[in-house]
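As a plain string of letters, each chain reads:
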Amino acid sequence: MNTARLPPPTSSSSSSPSPQPSSTTSISQALTSLHWFSPLPSSTFTFTFTSKPPRRRFLVLVQGTGNHTTNPTTTTFISASTPSNSLNQTLLTLLRQRKTEEAWLTYVQCTELPSPTCLSRLVSQLSYLNTHQALTRAQSIIQRLRNERQLHRLDANSLGLLAVSAAKAGHILYAASLIKSMLRSGYLPHVKAWSAVVSRLAASGDDGPLEALKLFDSVARRMRRFTDDALIVANSRPDTAAYNAALNACANLGYTERFLHLFEEMPHLGAEPDVLTYNVMIKLCARVERKDLLVFALERILEKGIQLCMTTLHSLVAAYVGLGDLETAEKLVQAMREERKDLCKILRELNSISPSNNDGYVFDKLLPNSVEPNNSEPPLLPKAYAPDSRIYTTLMKGYMKEGRVTDTVRMLEAMRRQDDSASHPDHVTYTTVVSALVKSGSMDRARQVLAEMTRIGVPANRITYNILLKGYCQQLQIDKAKELVREMVDDAAIVPDVVSYNTLIDGCILVDDSAGALTYFNEMRARGIAPTKISYTTLMKAFALSGQPKLANKVFEEMLRDPRVKVDLVAWNMLVESYCRLGLVEEAKKTVQRMRENGFYPNVATYGSLANGIALARKPGEALLLWNEVKERCAVKEEEEKSNSSPPPLKPDEGLLDTLADICVRAAFFRKALEIVACMEENGIPPNKTKYTRIYVEMHSRMFTSKHASKARQDRRRERKRAAEAFKFWLGLPNSYYGSEWRLEPVDGDDSASDFV
């Protein structure tokens, strides 16, 4: 039995509104009344195919047109649960006439399942509509078939169309699960279906690019099992668009070798690289910081006779801006304004960086013209390309990143004066200006730009309002943020999305209003907006800062149960932080152990939270254990161990090492304190000698001064006294016998646990 977990659709019908806690209601009461958030929608799909037909029948379905052929045993089984022929015929007639709404109403009235042909056609037509309501209806059919173990009634075309529709609607995980379920069940989805999902995954965040490559490989493995039947795999074989989607995933990840493998594989399957392929290659060069190769990618397009398009020049400008080379980007845009065709020559003259040897052989094969550039004149563009609003806006984003607000505004004014309408500012341009002003703290000027957009008929979108919301929240002007939300809904008719709510939740945290953060979170869910991992971790942060680790843990457990989000290291660290803020070291250690069991290694933030919790709990012995673990992780980096079973290397920061050193000095663990300050100096972190001197003088200046200690006691503390003298020498305090080197060398019989004596 093959199963696959699918996340539920996010729609208003999938979760009922939850009551909102009043301002006088405590957080705990609010959580109790909500039964800790509204339950997840019931549409968490698990594909279960029963009465599985022979594999050959699935292959016929791949190439079929919706007619569902069945073997005798399956036909007998279906006929027992099929409505009357007249109802089936009515439903089929409506579907053939493209009366999808009437066909849906007829389907709803069916107490028994229609025929496979009707079901497949209905799912296909609902998916083709590409509306939220139609997608929800198609998903409900999938849910019903799952419950009745009849998913095998649908053909590959209907499932493929549903996957494409779900991907376009933003339900990427749902769409990917559909394609994976089809592959496991013997279907070969059409290339247009699975490549659309790969494309969306490649452009998404988190693990999206990795999942895109895994899905691409899954389809390739399935096709290799049917190499003897070329007709069967013809419609599933990856085309240029599919390869471009996979290459985009490689570019986003910086996987140069995998990029080369896919690029060289394309011609063997009849997929020739096009201009988009080389645009993605430009992105890869920028991703791995090979600025010297950008011009050769442009020249390669011209040499191969591929028709150049404006998106290539967009990619070039974006690459230089992303690499921080605004000077080259400006000269490229200026050359385009002057209608020059020798852009390759200009870029070569500006390309003064010597080629890097990293991944050299990869790019030697991808761009052979970069190995030994011709001494002849670089190729000319077939025609002059004038910069459009997108290129100007990209350059403006570069100004914004460097804080050049004046240049950003000047660029806007220059775009307004352009004769070419394609260069006039659009809503993206104005949004970039708003973002630059918000980043500089000029909220009043940003609101003036918003008012100007309304006046000249360039409507602001949700992104524009979200940027303004973030600005007000960062300036702790929550009342103005709420007023902007009302204006956004009432005047602009724009519904807040999950980013809007995440911003408001974070704003409530900044003003220490955890109850308000919870209210916005529940309001978001009541509106049918699916929380993201940022929503969960931000709400956890609210409870962590307000000293409520139990509520933070409840949010975390809810996040674990939500199939639409993937718990990451940030969420685990926030849970650890919530315990450490109250000095609950044991609970924090249990969380770290649970984190390891789930495949996550602690990072600097995790260790920093633990160190702060140990300091608060006054458990110096725990600090020694933590330092030993940190020291081992640092040694992994030094030895460059790359074993999959070993944790990744760790680079400690100032906060972690300073906290550990502080604990050790206060507890008189001078040997460990010297090890920590040595680690700080090795990592270029200046130790705070003034603070450590003050601690030593206040707490340990009279240590080892007793004249009545027995000989045995004096012998036991000899090593501790030796470490104390070495630490005093490092601090610059008067000491017994260290004159030149503060580092403490081990002596015979030295015990690393002597600090505990």
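Residues numbered from 1 in each chain as written. Predicted model: local features only at pLDDT ≥ 70, side-chain atom pairs only at ≥ 80, totals over all residues. Heavy atoms only, no water.

**Details of the overall build of the protein**
Of the regular secondary structure elements, the protein holds 39 helices and two strands. Counting across all 757 residues of the protein, residues that qualify as buried make up 52%. Within the protein, residue pairs in contact and separated by at least 24 positions form 70% of the contacts whose partners lie at least 6 positions apart. Here the protein has roughly 35,800 Å² of accessible surface; of this, 50% comes from carbon and sulfur atoms. (Helix = DSSP H or I, 4+ residues; strand = E, 2+ residues; numbered from the N terminus. Buried < 20%, exposed > 50% of the residue type's maximum accessible area, 1.4 Å probe, protein only. Contact = heavy atoms within 4.5 Å. Areas by Shrake-Rupley, 256 points an atom, 1.4 Å probe, with all protein chains shown as cover.)

**Points about helix α5 (residues 100-109)**
Each α-helix winds once per 3.6 residues, and so residues spaced three or four apart point in a common direction. The complete set of buried residues in α5 reads Thr100, Ala103, Trp104, Thr106 and Tyr107. End-on, the buried residues of α5 take up no more than an arc of 165°, which puts them together on one face. Against α4 (85-96), α6 (116-129) and α7 (132-147) lie the buried residues of α5. (Arc of directions from axis to C-beta.)

**Looking at the side chain of Thr277**
Along the chain, the position of Thr277 falls in helix α15 (residues 275-287). Only 2.6 Å separates the side chain of Thr277 from the side chain of Asn244, close enough to count as a polar contact. Side chain to side chain, Thr277 and Asp274 meet in a polar contact 2.8 Å long. Not counting chain neighbours up to four residues away, the residues in contact with Thr277 comprise Thr240, Asn244, Leu247, Phe263 and Met266. (Polar contact = N/O pair within 3.5 Å; in protein donor to acceptor, adjacent residues only side chain to side chain.)

**Let's talk about the packing of aromatic side chains**
According to the stated counting rule, one finds 13 aromatic pairs in the structure shown. Chaining the aromatic ring pairs together yields one cluster made of Phe670, Tyr692, Tyr696, Phe727 and Trp730. (Phe/Tyr/Trp six-rings, centres within 6.5 Å; stacked < 30°, edge-to-face > 60°.)

**Points about the pattern of salt bridges**
The full count for this structure, using the stated rule, is 37 salt bridges. Residues Glu299 and Arg348 are paired through a salt bridge, measuring 2.7 Å at the closest nitrogen-oxygen approach. In this pair, Glu299 sits in helix α16 (residues 294-303) while Arg348 sits in helix α19 (residues 343-350), placing the two residues 49 residues apart along the sequence. By relative accessible area, Arg348 is classed as partly exposed at 24%. (Salt bridge = Lys/Arg side-chain N within 4 Å of Asp/Glu carboxyl O.)

**Quick notes on the nonpolar core**
One finds Ile141, Val197, Leu366, Tyr692 and Phe727 to be the most contacted residues of the largest nonpolar core, which totals 214 residues. If sequence neighbours within four positions are ignored, Phe727 has contacts with Val665, Phe670, Ala673, Leu674, Tyr692 and Tyr696. (Core = buried A, V, L, I, M, F, W, Y, C linked by side-chain atoms within 4.5 Å.)

**Considerations on the packing of helix α35 (residues 654-666) against helix α36 (residues 670-682)**
Working note: a packed helix pair is described by the angle between its axes plus the distance between those axes. For the pair α35 and α36, the least separation of the axes is 8 Å and the interaxial angle reads 160°. What the angle tells us is that α35 and α36 run roughly antiparallel. Like other packed secondary-structure pairs, α35 and α36 cross with a definite hand, here left-handed. Taken together, the residues of α36 that come into contact with α35 (itself represented by Leu657, Asp658, Leu660, Ala661, Cys664 and Val665) are Phe670, Lys672, Ala673, Ile676, Cys679 and Met680. For the contact of α35 with α36, the class distribution of residues is 10 nonpolar, no polar and two charged. (Axes fitted to C-alpha atoms, helices over the stretch in contact; angles between N-to-C directions. Parallel < 35°, antiparallel > 145°, perpendicular 65-115°, else oblique. Left-handed = near helix turned anticlockwise from the far one by under 90°. Nonpolar A, V, L, I, M, F, W, Y, C, P; charged D, E, K, R; others polar.)

**A word on the environment of Leu253**
Relative to the elements of secondary structure, Leu253 occurs in helix α13 (residues 240-253). With relative accessibility at 22%, the residue Leu253 sits in the partly exposed group. Measuring from C-alpha to C-alpha, the distance between Leu253 and Val288 comes to 9.4 Å, with 35 residues separating the pair along the chain. In this structure Leu253 touches Pro209, Leu210, Leu213 and Arg287, once residues within four positions along its chain are discounted.

**A look at the confidence of the model for the protein**
Averaged over all residues, the pLDDT of the protein equals 82, while 80% of them reach at least 70. Confidence drops under pLDDT 50 across residues 1-82; counting only partners more than four residues distant or on other chains, this segment forms 193 contacts. (pLDDT = per-residue confidence, 0-100.)

**Considerations on empty space enclosed by the protein**
All chains considered together, the criterion is met by two cavities of 30 Å³ or more. Taken as a whole, the second largest cavity encloses approximately 30 Å³ of empty space. Lining the second largest cavity, in full, are Cys508, Ile509, Asp512, Asp513, Ser514, Ala542, Leu545 and Ser546. Within the residue set of the lining of the second largest cavity, elements represented by two or more residues are α27 (498-510) and α29 (533-545). Residues of the lining of the second largest cavity, tallied by class, amount to four nonpolar, two polar and two charged. (1 Å grid on protein atoms, 1.4 Å probe; cavity = no way out; pocket = protein on both sides within 12 Å on 5 of 7 lines; lining within 4 Å. Points joined across faces, edges and corners; volume = space filled by probe spheres on them.)

**Brief notes about unusual backbone geometry**
A positive phi angle, near 60°, is found at Arg98, a position not held by glycine. Phi angles above zero are rare outside glycine, and Ala493 is one such case at about 55°. Counting through the fold element by element, Ala493 comes out in the loop between α26 (478-490) and α27. The class of Ala493 is exposed, set by a relative accessible area of 64%.

**Considering the layout of surface pockets**
When its volume is computed, the second largest pocket comes out at roughly 540 Å³. Taken together, 23 residues line the second largest pocket, and the ones lying closest to its centre are Asn248, Leu276, Asn279, Val280 and Lys283. For the lining of the second largest pocket, the secondary structure elements donating two or more residues are α10 (191-203), α13, α15, α17 (310-322) and α21 (389-401). Taken together, the residues of the lining of the second largest pocket sort by class into 10 nonpolar, nine polar and four charged.

**Concerning the environment of Asn502**
Here Asn502 shows up in helix α27. The buried category is assigned to Asn502, whose relative accessible area is 9%. When the C-alpha atoms of Asn502 and Lys470 are compared, they prove to be 9.5 Å apart, with 32 residues separating the residues in sequence. Not counting residues up to four positions away in its chain, the partners in contact with Asn502 are Thr532, Ile534, Ser535 and Thr538. Among the polar contacts listed, one links the side chain of Asn502 to the side chain of Thr532, at a separation of 3.3 Å.

**Observations concerning α29**
Between the first and last C-alpha of α29 there are 18 Å, a value that for 13 residues agrees with the 18 Å anticipated at 1.5 Å per step. Among the 13 residues that make up α29, 10 are buried, leaving the element largely enclosed by the rest of the structure. Where α29 is concerned, the buried positions are Lys533, Ser535, Tyr536, Thr537, Thr538, Leu539, Met540, Ala542, Phe543 and Ala544. One or two steps after α29, the chain reaches Gly547, where phi turns positive at roughly 75°. (Expected span 1.5 Å × (residues − 1).)

**Brief notes about a nonpolar patch on the surface**
On the surface, a cluster of nonpolar side chains totalling about 240 Å² of accessible area is made up of Leu476, Leu510 and Val511. Locating Leu476 in the fold gives a position in the loop between α25 (462-474) and α26. (Patch = residues over 30% accessible without salt bridge, like charges linked within 9 Å, V, L, I, M, F, W, Y side chains within 5 Å.)

**Considering the packing of helix α9 (residues 172-184) against helix α11 (residues 208-224)**
Running from amino to carboxyl end, α9 crosses α11 at an angle of 20°, the nearest separation of the two axes being 10 Å. Classified by the angle their axes make, α9 and α11 are roughly parallel. As α9 runs across α11, the sense of the crossing is left-handed. Contacts between α9 and α11 involve Ile179, Lys180, Leu183 and Arg184 from the former and Glu211, Leu215, Ser218, Val219 and Arg222 from the latter. Across the contact of α9 with α11, the residue classes tally to four nonpolar, one polar and four charged.

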